[in-house]
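Examining the three-dimensional arrangement
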Amino acid sequence: MAGCVSRVELSVSCRSLLDRDLGSRSDPLCVLLQDVGGGQWAELGRTERIKNCQNPEFCKKLVVDYYFEKVQKLKFGVYDIDNKSFDLNDDDYLGGIECTLGQVVSSSVFTRPLELKQGKPAGKGTIMISAEEIKDTRVVYLEIEARNLDKKDFLGKSDPFLEFYRQSDAGTWQLVYRSEVVIKNNLNPCWRKFSVPLQTFCGGDFNKPIKVQCADHDSDGSHDLIGTFETNLTQLQEAGDCSPVEFECIHPEKKQKKKSYKNSGIIRIKSCKIETEYSFLDYVMGGCQINFTVGVDFTGSNGDPKSPDSLHYISPDGINEYLIAIWSVGSVVQDYDTDKLFPAFGFGAQVPPSWQVSHEFALNFNPSNPYCQGIQGIVDAYRQILPQIRLYGPTNFSPIINHVARFAAQSAQQGTASQYFILLIITDGEITDLDQTRQAIVNASKLPMSIIIVGVGEADFKAMEFLDGDNGVLKSLTGEPAARDIVQFVPFRQFKNAPREALSQMVLAEVPKQLVSYYKWQGWPPVKLPEIKKV
């Protein structure tokens, strides 16, 4: 399972709170709870109490671990505190709201009326919540070369590599970077440009001592020290395009032994730049909309929907694997799309009135407006269309991938990080147009989109696993590699007995990385840039 994407700090303020105190105004405090399942809520934190205030702006921030792939249900409660006990049951309730963390982070300011209970407003009281990611996403980029390094190998020249250490508060040295490239037989090496997060490099302290070691690589692990020097980021930053900063590489033992010893070579910092790397939340909070499209496999291999053996058979409790997949993934993604209108298509069926086989027909039978209202709208359209079509074949993925890719291409032409597209294909896995699909995925890898494939039933999903590209870069038939990995495949059977949210967590865990990799590749910042805070 993917680790926590990041931590989010929530700022809370309220307006027009109810007045519960006689002779003075309420003394509000806000508490934050998170749904932990089974009807249980766990407290994550509470703000300070503000005396005599109906329009509080709380100073203390509420911190939450954020996961894109989960629906994280939150409850904010505002109380009038008139005693010193920690228990809130003896305090007046001024109202609260329930929402998801996805709703909060995808709004610049999430504003809702406070309710005393569902449907009962707390007077004119409102709550405003804004989110900010806790991070320092600055990155140090360095280009380094060396001149006249000492020869360490008996038969050849040295094979030099670099190591950077930062000094801890206790005075010890912690390794923060080792150059991956060992340059063979070269006493004047030029290393490839590399980057280290600023937080890792020096903890954000530009004057923290940094020790650089240059050593000769030996395959048995007994690397020989060529020399070392100390510096800090402030000094390194003096390196410009035309004026590198030079440091003498000193071998301590040689310096002690030889009076005539000068150095073991010169290390030149050609450039040292600090840039900001944007996160998934920077893009979402900066106004990036995530557009969700569903493609449903209606080929004959699914079986007759009227038969209980069919993958399209709707059980007496109203569900099947297709519906569970739509709900599971859609319930997470919908929070990041403001209009909640989702295009939904079927493929591989004969469609009335001509009964021609179609590989991209609108589930609502309205090709000019294939949008369904919310995830429930997709589910309703699916249920209504089942009795009206004939399951047929073949199973062609490329038309629906190319359909979404056309929209993604239009969006990409704007040259801004404003829209990203997720296509969910649910299939029984018997793909017919593998070569065309490979080409469609390679083309789509250059666009702002990700593809999620959920395999239902008991078929052999080797072709799907091939498209996933986890075992190497996916290539088109002509050998063109995908620009980035955009396909995530999951067989539904792995999740049959798992909680429903487990499926969405698995298939969506990669999306934040895929979105960021696309915009980084294009060099596009968020539409609204995050405010830079002094760290």
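Refer to the structure presented above.
Residues numbered from 1 in each chain as written. Predicted model: local features only at pLDDT ≥ 70, side-chain atom pairs only at ≥ 80, totals over all residues. Heavy atoms only, no water.

Details of the environment of glutamine 356
You can see glutamine 356 is positioned in strand 20 (residues 356-358). In the structure, glutamine 356 is positioned 123 residues away from leucine 233 in sequence and 67 Å away in space, judged by C-alpha atoms. Residue contacts for glutamine 356: discarding those within four places in its chain leaves Ala349, Gln350 and Val351. (Helix = DSSP H or I, 4+ residues; strand = E, 2+ residues; numbered from the N terminus. Contact = heavy atoms within 4.5 Å.)

Quick look at the pairing of strand 26 (residues 487-491)
In terms of burial, strand 26 is largely enclosed, as five of its five residues are buried. Burial of the side chains of strand 26 extends over both faces: Val487, Phe489 and Pro491 are buried on one face and Gln488 and Val490 on the other. Direction of pairing for strand 25 (residues 449-455) relative to strand 26: parallel, over a ladder of five bridges. Counted as the bridge partner of valine 454 is valine 490 from strand 26. (Buried < 20%, exposed > 50% of the residue type's maximum accessible area, 1.4 Å probe, protein only. Pairing = 2+ DSSP bridges.)

As for the pattern of salt bridges
Here the structure, examined in full by the defined rule, presents 18 salt bridges. The closest approach of N and O atoms between arginine 268 and glutamate 246, which form a salt bridge, is 2.9 Å. Within this pair, whereas arginine 268 is found in strand 16 (residues 266-276), its partner glutamate 246 is found in strand 15 (residues 245-248), the two being separated by 22 residues in sequence. On the accessibility criterion, glutamate 246 (47% relative accessible area) is partly exposed. (Salt bridge = Lys/Arg side-chain N within 4 Å of Asp/Glu carboxyl O.)

A closer look at helix 12 (residues 511-522)
Taking 1.5 Å per residue, twelve residues should reach 16 Å; helix 12 reaches 17 Å between its end C-alpha atoms and fits that length. Of the residues making up helix 12, those classed as buried are Val511, Pro512, Gln514, Leu515, Val516, Tyr518 and Tyr519. Downstream of helix 12 by a residue or two, glycine 523 has a phi angle that is positive, lying close to 75°. (Expected span 1.5 Å × (residues − 1).)

Concerning the sheet that holds strand 23 (residues 390-391)
Taken in spatial order, the three strands make up an open sheet running 20-19-23, and their pairing is antiparallel. If you trace the sheet from one side to the other, it starts and ends with strand 20 and strand 23, each paired once. With three bridges joining them, strand 19 (residues 349-351) and strand 20 adopt antiparallel strand pairing. The residue of strand 20 that forms the bridge with alanine 349 is serine 358.

Examining the sheet that holds strand 11 (residues 173-178)
Read from one edge of the open sheet, four strands run 11-10-13-14, paired in antiparallel fashion. Looking along the sheet, the strands with just one partner apiece sit at the ends: strand 11 and strand 14 (224-231). Taking each pair of neighbouring strands and ignoring which way they run, the sheet shows an average axis angle of 25°. Relative to strand 14, strand 13 (residues 210-216) runs antiparallel, the two sharing seven bridges. Pairing of valine 212 across the sheet is with phenylalanine 229, part of strand 14. (Axes fitted to C-alpha atoms, helices over the stretch in contact; angles between N-to-C directions.)

Some thoughts on the packing of aromatic side chains
A complete count under the given rule lists 22 aromatic pairs for this structure. Ring centres of tyrosine 79 and tyrosine 93 lie 5.2 Å apart, and the angle between their planes is 50°; on these two criteria the pair is classed as tilted. Here the residue tyrosine 79 occupies a position in strand 5 (residues 73-80), and tyrosine 93 occupies one in strand 6 (residues 92-100), the gap between them amounting to 14 residues. Judged by its relative accessible area of 18%, tyrosine 79 is buried. Classification of tyrosine 93 as partly exposed rests on a relative accessible area of 28%. Every member of this aromatic cluster is reached through a ring pair, and the members are Tyr278, Tyr283, Tyr420, Tyr518, Tyr519, Trp521 and Trp524. Note that lysine 211 overlies the ring of tyrosine 165, its terminal NZ or CZ placed 5.7 Å from the centroid. The ring of tryptophan 355 is capped by arginine 390, whose NZ or CZ atom sits 4.0 Å from the centre of that ring. (Phe/Tyr/Trp six-rings, centres within 6.5 Å; stacked < 30°, edge-to-face > 60°. Lys NZ or Arg CZ within 6 Å of the ring centre and 35° of its normal.)

Digging into the environment of aspartate 159
For aspartate 159, the location among the structural elements is in the loop between strand 9 (138-147) and strand 10 (160-167). Among the residues examined, aspartate 159 registers a relative accessible area of 9% and is labelled buried. Between the C-alpha atoms of aspartate 159 and isoleucine 326, which are 167 residues apart in sequence, the distance is 55 Å.

Concerning the packing of helix 6 (residues 321-333) against helix 11 (residues 500-508)
One can describe the packing of helix 6 onto helix 11 by two numbers: an axis separation of 9 Å at closest approach and a directional angle of 65°. The interaxial crossing formed by helix 6 with helix 11 has right-handed handedness. Contacts between helix 6 and helix 11 pair Ile324, Ala325, Ser328, Val329, Val332 and Val333 from the former with Arg500, Leu503, Ser504, Val507 and Leu508 from the latter. Looking at the contact of helix 6 with helix 11 residue by residue, the classes come out as eight nonpolar, two polar and one charged. (Left-handed = near helix turned anticlockwise from the far one by under 90°. Nonpolar A, V, L, I, M, F, W, Y, C, P; charged D, E, K, R; others polar.)

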